Amino acid sequence: SQQGEEDPQALSIQEGENATMNCSYKTSINNLQWYRQNSGRGLVHLILIRSNEREKHSGRLRVTLDTSKKSSSLLITASRAADTASYFCATDVNRDDKIIFGKGTRLHILP
Amino acid sequence: KAGVTQTPRYLIKTRGQQVTLSCSPISGHRSVSWYQQTPGQGLQFLFEYFSETQRNKGNFPGRFSGRQFSNSRSEMNVSTLELGDSALYLCASSRASGIPEDTQYFGPGTRLTVL
């Protein structure tokens, strides 16, 4: 069963704009990760945020985590054409080493 | 450092056949995990191997099996293929097992089509 659910399912924005994707999950987690997948290829790890962290930055990426709402958001600032991809959140459930992925948000950056 | 490699990249099989997919992890990585990705179900965890032992298993039928060799290379096998097994099969490697901060590195995947 899915643990994380991304929202929206698809997003199209103009190059240079900011893109925000959200992830909600159901049970307590140790940490939450975001991955990017270019069309039909492998996943690339973007960022990991621990359950005791509220915000984390990496370059143009900003991730927030609200454990009380069981949700996370990924913000990509100043989007570029190369950011066109699917973005997945992944959680590992407490006391369970499995990583469970959401169904992803398809981001399309318009020129 | 070479990344995770998967072979073959594309595969076409017919119902009832069996298939073996291979994954070579990054040098020094001892954990290999397998995932199935379909448009309907998304990314689903199949199993994880560490030091030649299966550490974790997802909710897949026994037709799906795997193994890991002493050099950490891993294979997964699907027997009696069904149309629903058509998917992108991804493997990921990491240095250790059970450490969430230990980043998983994914291979490009094997696209399996069952006719």
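Residues numbered from 1 in each chain as written. Chains lettered and ligands numbered in written order. Predicted model: local features only at pLDDT ≥ 70, side-chain atom pairs only at ≥ 80, totals over all residues. Heavy atoms only, no water.

### So, the overall build of chain A
Just so we agree on the cut-off: We count a stretch as a helix when DSSP gives it H or I for four or more residues in a row; a strand needs E for two or more, and each element gets its number in order from the N terminus. For this measure, only C-alpha atoms enter the radius of gyration; the expected value for a globule follows 2.2 Å times N^0.38, where N is the number of residues. Categorising residues by exposure relies on relative accessible area from a 1.4 Å probe, with only protein chains included: less than 20% of the type maximum marks a residue as buried, more than 50% marks it as exposed, and the intermediate range marks it as partly exposed. Only heavy atoms enter the contact rule, under which two residues are in contact if any of them lie within 4.5 Å.
Along the backbone of chain A there are zero helices and 11 strands. Element order for chain A, N to C, with α for helix and β for strand: β-β-β-β-β-β-β-β-β-β-β. Here chain A has a C-alpha radius of gyration of 13 Å; the compact-globule value for 111 residues is 13 Å, and the two agree. Viewed in the frame of its principal axes, chain A has a C-alpha envelope of about 45 × 25 × 20 Å. Burial statistics for chain A: of 111 residues in total, 44% are counted as buried. Considering only intrachain contacts with a sequence separation of at least 6, the fraction spanning at least 24 residues in chain A is 55%.

### Structural notes on the state of the cysteines
Which entries qualify depends on this criterion: Whenever a pair of cysteine sulfur atoms sits within 2.5 Å, that pair is classed as a disulfide.
If you walk through the whole model with that rule in mind, you get two disulfides over all chains. Disulfide pairing is shown between Cys23 of chain A and Cys89 of chain A; the S-S distance is 2.0 Å. Disulfide Cys23 of chain A-Cys89 of chain A: the torsion about the S-S bond is 65 degrees, which places it as right-handed. With a gap of 66 residues between them, Cys23 of chain A in strand S3 (residues 19-25) and Cys89 of chain A in strand S9 (residues 85-93) connect regions that are remote in the sequence. For Cys23 of chain A, a relative accessible area of 1% gives the class buried. Of the residues examined, Cys89 of chain A reaches a relative accessible area of 0% and is grouped as buried. The disulfide partner of Cys23 of chain B is Cys91 of chain B, and the S-S distance across this bridge is 1.8 Å. Taking the sign of the torsion about the S-S bond as the criterion, the disulfide between Cys23 of chain B and Cys91 of chain B, at about 65 degrees, is right-handed. Of this pair, Cys23 of chain B sits in strand S3 (residues 19-24) while Cys91 of chain B sits in strand S9 (residues 87-94); the two residues are 68 residues apart in sequence, bridging distant segments of the chain. Of the two residues examined, Cys23 of chain B and Cys91 of chain B, each falls in the buried class.

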